[in-house]
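Each chain, written out:
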Amino acid sequence: DAGVTQSPTHLIKTRGQHVTLRCSPISGHKSVSWYQQVLGQGPQFIFQYYEKEERGRGNFPDRFSARQFPNYSSELNVNALLLGDSALYLCASSLPGTGVSSPLHFGNGTRLTVT
Amino acid sequence: SQQGEEDPQALSIQEGENATMNCSYKTSINNLQWYRQNSGRGLVHLILIRSNEREKHSGRLRVTLDTSKKSSSLLITASRAADTASYFCATDGKGGGNKLTFGTGTQLKVEL
């Protein structure tokens, strides 16, 4: 079975630009979460979506938004990019969506560099 | 913000030795998970321990949880060069769900 796939793998953008990152979950997984990992730190929670609804949001500005599609794939959008947005963006999927924590299955991430 | 702190930040051992890393967290949890990350890649789930469990084993991994001290430890026995990676603990909140708070990680290097 295919794991969680993310695209693109690498991306270079300029300050002020907009970026869209994409994620396809494992087949049958209805929950998708997004995490930001800055170099040298642990991942930080950005969003969780389950059944196309936002079920959780981390401490990130409104420049960050996401959505989930009927096939459970997801997009993360970041507007007005700042240098500090440079990071590895990780998508994770899981079976249960809410109420119960379960193991997350991560993709290999999108490495975003903002210059 | 990072909920957990792993200790040590970096650990270098010889193949065949045991590796122990510790994690402390701040708030009440439903469960605690450990993940491994090879350089620049996604995280791989290793083990989940619930708040009412004290110890759990999976292959060469042994995890303990002390909720009174808000701490956990991960022991890797008979380490191999392939175990070289960063290891993170992650906690959920009492509300559950997939909003995990990760620690700062331990970088483990296993030398031949």
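Anything mentioned here points back to the structure above.
Below is a short write-up of the structure. (Residues numbered from 1 in each chain as written. Chains lettered and ligands numbered in written order. Predicted model: local features only at pLDDT ≥ 70, side-chain atom pairs only at ≥ 80, totals over all residues. Heavy atoms only, no water.)

## Let's talk about the interface of chain B and chain A
Line of reasoning, step 1. Counting residues at the interface gives 24 residues for chain B and 27 residues for chain A.
Line of reasoning, step 2. Summed over both partners, the interface of chain B with chain A comes to about 1,800 Å²; 47% of that surface belongs to carbon and sulfur atoms.
Line of reasoning, step 3. Taken together, the connections running from chain B to chain A amount to zero salt bridges.
Line of reasoning, step 4. There are four residue pairs in polar contact (both at pLDDT 80 or more) connecting chain B and chain A.
Line of reasoning, step 5. Elements represented by at least two residues in the side of chain B that touches chain A include exactly strand E4 (31-37) and strand E5 (43-50) of chain B.
Line of reasoning, step 6. Of the residues that constitute the side of chain B that touches chain A, the class distribution is six nonpolar, 14 polar and four charged. (Contact = heavy atoms within 4.5 Å. Buried area = accessible area lost by both parts, 1.4 Å probe. Salt bridge = Lys/Arg side-chain N within 4 Å of Asp/Glu carboxyl O. Polar contact = N/O pair within 3.5 Å; in protein donor to acceptor, adjacent residues only side chain to side chain. Helix = DSSP H or I, 4+ residues; strand = E, 2+ residues; numbered from the N terminus. Nonpolar A, V, L, I, M, F, W, Y, C, P; charged D, E, K, R; others polar.)

## Concerning the nonpolar core
Line of reasoning, step 1. Among the nonpolar cores identified, the biggest contains 22 residues, and Trp34(A), Ile46(A), Leu76(A) and Tyr89(A) are the most heavily contacted of them.
Line of reasoning, step 2. Of all the secondary-structure elements, those providing two or more residues to this core are strand E3 (19-24), strand E4 (31-37), strand E5 (44-50), strand E7 (64-68), strand E8 (74-78), strand E9 (87-94) and strand E11 (110-114) of chain A.
Line of reasoning, step 3. If sequence neighbours within four positions are ignored, Leu76(A) has contacts with Val19(A), Thr20(A), Leu21(A), Trp34(A), Ile46(A), Phe47(A), Ser65(A), Ala66(A) and Tyr89(A).
Line of reasoning, step 4. Ranked by size, the runner-up nonpolar core spans 21 residues in total, among them Ile49(B), Leu61(B), Leu65(B) and Leu74(B). (Core = buried A, V, L, I, M, F, W, Y, C linked by side-chain atoms within 4.5 Å. Buried < 20%, exposed > 50% of the residue type's maximum accessible area, 1.4 Å probe, protein only.)

## Here's the deal with the sheet that holds strand E3 (residues 19-24) of chain B
Residue and element names in this part refer to chain B.
Line of reasoning, step 1. Taken in spatial order, the five strands line up as E1-E3-E8-E7-E6 in an open sheet, and their pairing is antiparallel. The sheet is open, and its two borders are formed by strand E1 (5-7) and strand E6 (55-58), each paired with just one other strand. Averaged over all pairs of adjacent strands, the angle between strand axes in this sheet comes to 15°, irrespective of strand direction.
Line of reasoning, step 2. In this sheet, strand E8 (residues 71-76) lies alongside E3 in antiparallel orientation, the contact comprising six bridges. The residue of E8 that forms the bridge with Asn-22 is Ser-73. (Pairing = 2+ DSSP bridges. Axes fitted to C-alpha atoms, helices over the stretch in contact; angles between N-to-C directions.)

## Examining the environment of Thr84(B)
All names here are of chain B.
Line of reasoning, step 1. Relative to the helices and strands, Thr-84 is located in the loop between E8 and strand E9 (85-91).
Line of reasoning, step 2. Taking the relative accessible area as the measure of exposure, Thr-84 reaches 30% and is therefore partly exposed.
Line of reasoning, step 3. A C-alpha to C-alpha distance of 8.4 Å links Thr-84 and Glu-111, two positions 27 residues apart in sequence.
Line of reasoning, step 4. Once you skip the residues sitting within four places of it in the chain, Thr-84 turns out to touch Asn-38, Leu-108, Lys-109 and Val-110.
Line of reasoning, step 5. Polar contacts involving the side chain of Thr-84 include one to the main-chain amide nitrogen of Val-110, which spans 2.9 Å.

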